[in-house]
Amino acid sequence: MELQILNDQKLLDSMRAEHQKLIDKKEVLVEVKDLSKYFNVGKGKTLKAVDGINFNIYKGETFGLVGESGCGKTTVGRTILNIYKPTKGDVIFRGENVKNIKGAKKVRNFKKNAQMIFQDPYSSLDARMTIGEIIGEGVKVHYPDYDENKIKNRVSNLLQLVGLNPEHGARFPHELSGGQRQRVGIARALAIDPAFIVCDEPISALDVSIQAQVVNLLNYLQWEMGLTYLFISHDLSMVQHISDRVGVMYLGNLVELADNKQLYANPLHPYTQALISAIPEADPESTTKDRIKLEGEIPSPVNKPSGCSFHTRCIHCMDICTKEVPKVTEPEPGHFVSCHLYK
Ligand SMILES: Nc1ncnc2c1ncn2[C@@H]1O[C@H](COP(=O)(O)OP(=O)(O)OP(=O)(O)O)[C@@H](O)[C@H]1O
Ligand SMILES: [Mg+2]
C-alpha cells in the first residue's frame, strides 16, 4: 500500500515550500564540537573512528553524512545519540550537552526526542514480537498514561502513516518484506514523536524500486512533522537527492561541508571530487565528466597517515600534506573544506 498523499505532487510541493521556511531560520538543533571517538582495540592500540569533527545541524534540515565504509559515519550518529561517550569534544542537543544527560527522567526525555532508524531492517526488529508490539513498546514507555486502547490506536495510525495496513500489526517481522520492515522501523522511530532522527543507511538494504518509495516517505514525514534528519549513506547520489547540506567524511575526519547544490556543482576537496566523479551519469554516452580514480586502499584508522589523512591517495599531494593537518577554510560562504590547496 502506498500513501495516497504521496501521489499529490501539488500538495507535496507546498508542504516542501512551507518546511523550507523552518530550515531557512538556521536554528541550530545539534552542535558537534571537536568530536572524537576512539576505540581501544587491544595491544595498546587505538582506533580513531572519529577524529575531531565539527558541524551543526539546523532544525528541519536533512544533513547528509557521506563517505566510504569504515570512515566513521555510524560512530558519529551513535555518539550524537549518546549511545557512545565521546573520547573528546562535545555534542550539544537543543542547547544541552549530551554528556550531562543523566538520570532516568532526563535520559527518557532525550531518547524521546532523538531516535535512530537502522540500516538493516532484518536484524533491527525483534523476531519474537509482533509489529504492533514493536511499535507500541516505545509508545508505552514514553506515554505511560496511555491505556491499551490508546496505544492500539496510535500504533494503527502510525502503520497507516508509513503506508502499511493496521492488520500488519498482528504479524511478525519475518512475515514482512524488507521494504515493509523498514517502514516498521520508521514507524517505531516516529511512535514517540521525536524531533531528530539519525537515519543510518535506511534504504541501503532495500531494492532500488523500493528505495525511492522510502525516501519519499521520509521526506513527507519530515515536512509533515517538522523533523530534522542526520542521513547517513555511502551513496553520494542518494544523499544528493535527499539532503539540504552534506558533510563528507574520510578516515574519521570531516573533509568538506557545503550546501547540497554547492557541493555537487563545485566540489573542492580532491576526495569529494573523486567520489562525485564516480557517480554514474544518467546518460552513459555523456562525456562531460572526467572520472577521477581513487588509487590505493583506505589506510587503517589504527594507523592514520601523518598530516592530511587523505594524502596517501591524493593526486594533488604536496610536501606540506604529509606533515601538517590542514585547517578548515571557507572558500565560499557556507562551503567548508579541510585541504592545503585552499588557504
Ligand atoms: N565498537 C567498536 N569497537 C571497535 N571499533 C569500532 C567499533 N565501532 C566501529 N569501529 C571501527 O570504527 C571505524 C568506523 O566505523 P563506523 O561503523 O562508524 O563506519 P561507517 O562509516 O559507518 O561504515 P559503514 O559505511 O561500513 O557502515 C571502523 O574502522 C570500525 O571498524
Ligand atoms: Mg555505518
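Structure first, text after, so check above.
Presented here is an overview of the structure given in this document. (Residues numbered from 1 in each chain as written. Chains lettered and ligands numbered in written order. Predicted model: local features only at pLDDT ≥ 70, side-chain atom pairs only at ≥ 80, totals over all residues.)

### A closer look at the pairing of strand E11 (residues 328-332)
Let me state the cut-off plainly: Any two strands with at least two DSSP bridges between them are considered paired. Each helix corresponds to a stretch of at least 4 residues labelled H or I by DSSP, and each strand to a stretch of at least 2 residues labelled E; elements are numbered beginning at the N terminus.
Alignment of E11 against strand E12 (residues 335-338), held across three bridges, turns out to be antiparallel. By the bridge assignment, Val328 is partnered in E12 with Ser338. The turn linking E11 back onto E12 is made up of two residues, and Gly334 within it adopts a positive phi angle of 80°.

### Comments concerning the nonpolar core
Formally: We define the nonpolar core as any set of buried residues of the types Ala, Val, Leu, Ile, Met, Phe, Trp, Tyr and Cys, connected via C-beta atoms lying within 7 Å of each other. Buried residues are those with 20 or more other C-beta atoms within 10 Å of their own C-beta, exposed residues have 12 or fewer, and partly exposed residues lie in between; C-beta atoms are placed from the backbone. For the purpose of contact definition, each residue receives a C-beta atom placed from its backbone, and two residues are in contact when these atoms lie within 7 Å.
One finds Ala187, Ile197, Cys199 and Leu230 to be the most contacted residues of the largest nonpolar core, which totals 78 residues. Contacts of Leu230, omitting those with residues within four sequence positions, involve Ile57, Phe63, Leu65, Gly77, Ile80, Val198 and Cys199.

### Concerning the sheet that holds strand E1 (residues 28-40)
Strand order in this open sheet of four strands is E2-E1-E4-E5, and the pairing throughout is antiparallel. The open sheet terminates on both sides in strands that have one partner only, identified here as strand E2 (46-58) and strand E5 (96-97). Across five bridges, E1 lies against strand E4 (residues 88-93) in antiparallel orientation. Counterpart to Val32 in the pairing with E4 is Val91.

### Focus: helix H7 (residues 208-225)
What counts here: Every helix has an expected span of 1.5 Å times one less than the residues it contains.
With 18 residues, H7 extends 26 Å from end C-alpha to end C-alpha; this agrees with the ideal 26 Å at 1.5 Å per step. For H7, the complete set of buried residues consists of Val214, Leu217, Leu218, Asn219, Tyr220, Leu221, Gln222 and Trp223. Against the buried residues of H7 lie helix H1 (9-24), strand E3 (62-66), helix H6 (178-190), strand E7 (196-200), strand E8 (228-233) and helix H8 (236-242).

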